[in-house]
2 protein chains.
Amino acid sequence: MIIDKNSDKLNKILNRGELFDEKYLSVVMDILKDVRINGDKAVKSYTKKFDNHDLNESYVIGVDELKSSFDKLESGLKDSLIKAEKSIRFYHEKQMEKTWLINGNNGIVLGQKISPVENVGIYVPGGKAVYPSSVLMNSVPANVAGVENIVMSTPAAYGKVQESVLAAAYLGGVKKVYKIGGAQAVAAMAYGTETVEKVDKIVGPGNIFVALAKKLVFGFVDIDMIAGPSEITIIADESANPQFIAADMLSQAEHDEMASSVLITYSKKLAESVNAELKKQLEELPRKDIAEASLKDFGAIVLVENLEEAAEVSDRIAPEHLELCVANPYELMFKVRNAGAIFLGHYTPEAVGDYIAGPNHTLPTGGSARFFSPLGAYDFLKRSSIVNFTKDALRECAEDVMGIANSEELTAHAKSVKIRI
Amino acid sequence: MIIDKNSDKLNKILNRGELFDEKYLSVVMDILKDVRINGDKAVKSYTKKFDNHDLNESYVIGVDELKSSFDKLESGLKDSLIKAEKSIRFYHEKQMEKTWLINGNNGIVLGQKISPVENVGIYVPGGKAVYPSSVLMNSVPANVAGVENIVMSTPAAYGKVQESVLAAAYLGGVKKVYKIGGAQAVAAMAYGTETVEKVDKIVGPGNIFVALAKKLVFGFVDIDMIAGPSEITIIADESANPQFIAADMLSQAEHDEMASSVLITYSKKLAESVNAELKKQLEELPRKDIAEASLKDFGAIVLVENLEEAAEVSDRIAPEHLELCVANPYELMFKVRNAGAIFLGHYTPEAVGDYIAGPNHTLPTGGSARFFSPLGAYDFLKRSSIVNFTKDALRECAEDVMGIANSEELTAHAKSVKIRI
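Computed from a predicted model, the values in this text were never measured in an experiment.

### What to know about helix 9 (residues 208–217) of chain B
All names here are of chain B.
- Of all 10 residues in helix 9, eight are buried; the element is thus mostly enclosed.
- Three or more residues of helix 9 are buried, namely Val210, Ala211, Leu212, Ala213, Lys214, Lys215, Leu216 and Val217.
- Where helix 9 starts, the residue carrying a side-chain oxygen 3.1 Å from the main-chain nitrogen of Phe209 turns out to be Asn207.
- Among the residues trailing helix 9, Gly219 stands out with phi positive, at a value near 110°.

Rendered as C-alpha cells:
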C-alpha cells in the first residue's frame, strides 16, 4: 500500500478510466438512430428488452404523483432532504451570473447577456443503488438558474421507481419523470418522441451506454460531463488523525471496485498508522468486498518529501475529491490547481460534501478536474455577446475591418461596412 | 424568398445541420486509435496521405519562427491585427471570474476556487480559407484566462502554413505550432505523441473529421463546441435601411452554401425592398455563386405580426448572429433568449463583431445557441468547490448526513462522520 511518487501503481491509478469504448459504440448508435426514426415505438421495445416492463400505459409520472411521493416520505429522511435542498440552493445561488453592459469609445456599448437554458433533462440511474441526493444535486442548480422545464428520466425495473427518488425530484422542481432508462432515454430526450419532449441539455450520471449516448448526442443538445470512476485524494501532515483518514478512504472505496483512494503524506508514521487502521476498519464494513478490491487495485499511500511535493502529486491525479487534513489547509489550498472539490481541515469528511454542505457532488472524475468543473448553476445558463456601434465608431474602425475581411477574401463582409459609411 | 412563420422553409433552415454523421465515425475511430498506439509514426503517415507532405524533419514551429512571421507581416494588416487583439483582450478580461469564500453558521466556510486550464491546443483549419482572425479569437481568451501553455495545430498543405496565421498565433501568445491537421491532429493533442505534448482542452473549428474526432475525445480532454453551419437572423422594423440589411445577409451567405440568412419583419414594404436589394447586390459579389445557392436554399424573409412574434421566431432559430435593426434595440434585446451574439442598431453590422469589436466570433451555430455560449475566457477556467466544516458544524448536521447515507446503503460514508463526533 505504501509507495513512492514514481511508483507504477500511481500510473495504474491515473490510467484506470477508459473513456473511449468502441465496443459498445455501434450498439448505442443503432439505439439512437432507431429512437430518432421510430420514436415511442423504439423506446417501448428497448424498455421491454432491458428493463422488463411494458410501456403500454403512459410512461410519464406527473407532478401530482411526485408530490404524493414526497408527502408520503418518512419524516426523518424527508427533513434531511429538505435541509440538503436548502443548502444546495444557498451555495448555487452564489454562482449565478449577471448580464453586464459597458461603454467604450465613440458611444460603443459592449456586453454579455445571461439567460437560462429552457428545457433540461436529468438522467437518474436505476438498479440497486438509489440516490435521492443525486436528484437534488442535478435539479436544484437548474432550478436556481431559472430553467423553466426540468424533466427527469430513470429506468423503472419492472415498472417501479423508488419513492425517495420521486420525492427528491419534487423537491428539486422536476415537472415530470419518464420511466425509461439507458441510451434510449438519452435519445428520447435529445430528439423527442410522441411522448417525450425534446430538451436542450441532458445531465446526470449513467452506465457506459448512457455515457456513450450522451457523447454522441453532444452538439445536438448540450450535456454535462462524462462521468468516470470516482476517487478521493487526501493530503495529510502529522496533525491528522489516522482513524479519520482511514474512514474517509473507505467511504470512497465502498462505492465500487474501480474507485480510488489515495493518501499523500510526508509522515512515515502517519502512513503506517493509516495502513493499520484501514485493515481494522475494513473488517466492520458491510460492503467490505468492494472496498477491499478497490483498495487493492487503486488504493495507495504515497510518501513524499513535503507539502509542495504532495500538491504536485495531487495535481497529477487531479482528484474528484481532495481532502487537506493539514494544520494550515488554506495555505495548501492555493498551491493545488486540479481538484473537483476541496475539503479543508480535520472535520470536513467528504461525506458532508456528498449530501449537505451545499456544493455539488457531481464532480469531474478520472483526472478530468484538469479541465472540468463541478456541476453548477452556470451549467444551466448561457451567454449572448452584445455589441452596439455608432456611425462614428464604425467609421473609425472601418479600414481595419475591411482590411482583415479582404485579406480573408470575404468581400461581402467588407461591403457591409462600406455601405454604411 | 418572402414566407410566413409557419412555412416549411423555416423548418428546412432549422434542420439543415446534421451533427450525428455515422458515415465517417469508424474512419475517425481508426485514426484516433492508430495515433494513440503508434504516435508520431501514425501522424506522419496520415499527413503524407491527406496533406501531401513528409514530416521527416521536426514538424514543430517554435516561437522564434512565429515572431519572425509577425515581424515580416505587411504593416496594414499587422496594425489591424494588433488593434483586434487589443479589443478582444479588453472584452474577454471582463469575463474573468474570481475565487470567492463565504462564511456560514458554526464557522463553516464555503467557496469556489478559480484556476486556469494548464495546456490548451487550438485547431486551425487549413485549405483555401485563411483566417488569422480565428487564431486571435481562440488564443486571446486562453491567454487572458492565464493558460500557461497554448499550442496550435494546423494542416500544412505541401508543408506550408500561411504567414498571417503564424503572425496571429504569435500575437495571441501561442507557444508552438504543429504542422498537422485533421482527426490525426486532434488525436495527437488529446493523447500526446513523441513530438506533440498532451493538452487538457482542444478548441477551434474544423471539417467533419475534426468535429467527430473532437466529439470522441471529449471526456478524455475537454473541447469547446461542435461547429455547424453558420447563420444570421435580422429582426428589422420600418426604421431599417434595406441596403444595409441586404449587405449583411450577403456577408453571411458568402461563407458557404449551407449558411443561412433570415430577415424577420412585420413591414411588408421593407421585406420587398430587401428582396429587390439582395438581387441587385448579389450581382456585384466575387463569391456570387456561393451566396446565391445559400440564399436559395436557406435564405428567407419571414413576415410576422409584430416584434414580439419576431423574437419568438428568432428564438426558434436560435441564431449564431442576431441583428436588431430596429428603433429600440435594447427593449427588444431583453425579449430574445437564444442567440450567440446580438448586434444592436443600424450601425453594427455583424462584420465588426467578426473582427474588431472585442466579443468572440466563435459562436454557437445551427440552433445550439439554445444551450451553448460564445467561446470566452470562462472556457479556459475551471472551478473547485471549497468546503471547511468545524467540529460543531459537523455535529449539527451529523444525523442528516448519516440518515441520507444509510438510506443509500453507504455505511462507510456514515461512519466517516460518526468517527469524528
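### What to know about the packing of aromatic side chains
- Tallied over the entire structure, the rule returns 19 aromatic pairs over all chains.
- Taken together, a centroid distance of 6.4 Å and an interplanar angle of 65° make the contact between Tyr59 of chain A and Tyr178 of chain A edge-to-face. With Tyr59 of chain A in the loop between helix 3 (40–51) and strand 2 (60–61) and Tyr178 of chain A in strand 7 (residues 176–178), this residue pair connects regions lying 119 residues apart in the sequence. Of the two residues, Tyr59 of chain A and Tyr178 of chain A, neither departs from the other in class, the shared state being buried.
- Ring centres of Phe244 of chain A and Tyr347 of chain A lie 5.8 Å apart, and the angle between their planes is 65°; on these two criteria the pair is classed as edge-to-face. Of the two residues, Phe244 of chain A sits in helix 10 (residues 242–253) while Tyr347 of chain A sits in the loop between strand 14 (341–344) and helix 15 (350–355), which places them 103 residues apart along the sequence.
- According to the relative accessible area criterion, Phe244 of chain A is buried, its value standing at 8%.
- Among the aromatic side chains, those forming a connected cluster through ring pairs are Phe218, Phe371 and Phe372 of chain A together with Phe218, Phe371 and Phe372 of chain B.
- Here the basic side chain of Arg383 of chain A rests over the ring of Tyr378 of chain B, its NZ or CZ set 3.5 Å away from the ring centre.
- Lying across the ring of Phe298 of chain B, Lys12 of chain B places its NZ or CZ 5.5 Å from the centre.

### Considering the sheet that holds strand 14 of chain A
- Read across the sheet, nine strands follow the order 1(A)-12(A)-11(A)-10(A)-13(A)-14(A)-15(B)-4(B)-3(B) without closing on themselves; strand pairing throughout is mixed. Looking at which strands have only one partner, the edges of the open sheet turn out to be strand 1 (2–4) of chain A together with strand 3 (100–103) of chain B. Each strand of the sheet is rotated relative to its neighbour by a mean of 20°, with strand direction disregarded.
- With four bridges connecting them, strand 14 of chain A and strand 15 (residues 381–388) of chain B associate as parallel partners. Note on strand 15 of chain B: the bridge partner recorded for Ile342 of chain A is Ile386 of chain B.
- Sheet strands in contact with helix 13 (residues 307–317) of chain A are strand 10 (231–236), strand 11 (260–265) and strand 13 (321–325) of chain A, and its direction is about 175° off that of strand 10 of chain A.

### Side note on the nonpolar core
- In this structure, Met152 and Ile180 of chain A together with Met152 and Ile180 of chain B are the most contacted members of the largest nonpolar core, which totals 209 residues.
- Sequence-distant contacts of Ile180 of chain A, that is, excluding residues within four places in its chain, are made with Val43, Thr47, Leu55, Tyr59, Tyr123, Ser153, Thr154, Pro155, Ala185, Ala188 and Val196 of chain A.

The rules behind the values
- Residues numbered from 1 in each chain as written.
- Chains lettered and ligands numbered in written order.
- Predicted model: local features only at pLDDT ≥ 70, side-chain atom pairs only at ≥ 80, totals over all residues.
- Heavy atoms only, no water.
- Buried < 20%, exposed > 50% of the residue type's maximum accessible area, 1.4 Å probe, protein only.
- Helix = DSSP H or I, 4+ residues; strand = E, 2+ residues; numbered from the N terminus.
- Polar contact = N/O pair within 3.5 Å; in protein donor to acceptor, adjacent residues only side chain to side chain.
- Phe/Tyr/Trp six-rings, centres within 6.5 Å; stacked < 30°, edge-to-face > 60°.
- Lys NZ or Arg CZ within 6 Å of the ring centre and 35° of its normal.
- Pairing = 2+ DSSP bridges.
- Axes fitted to C-alpha atoms, helices over the stretch in contact; angles between N-to-C directions.
- Contact = heavy atoms within 4.5 Å.
- Core = buried A, V, L, I, M, F, W, Y, C linked by side-chain atoms within 4.5 Å.

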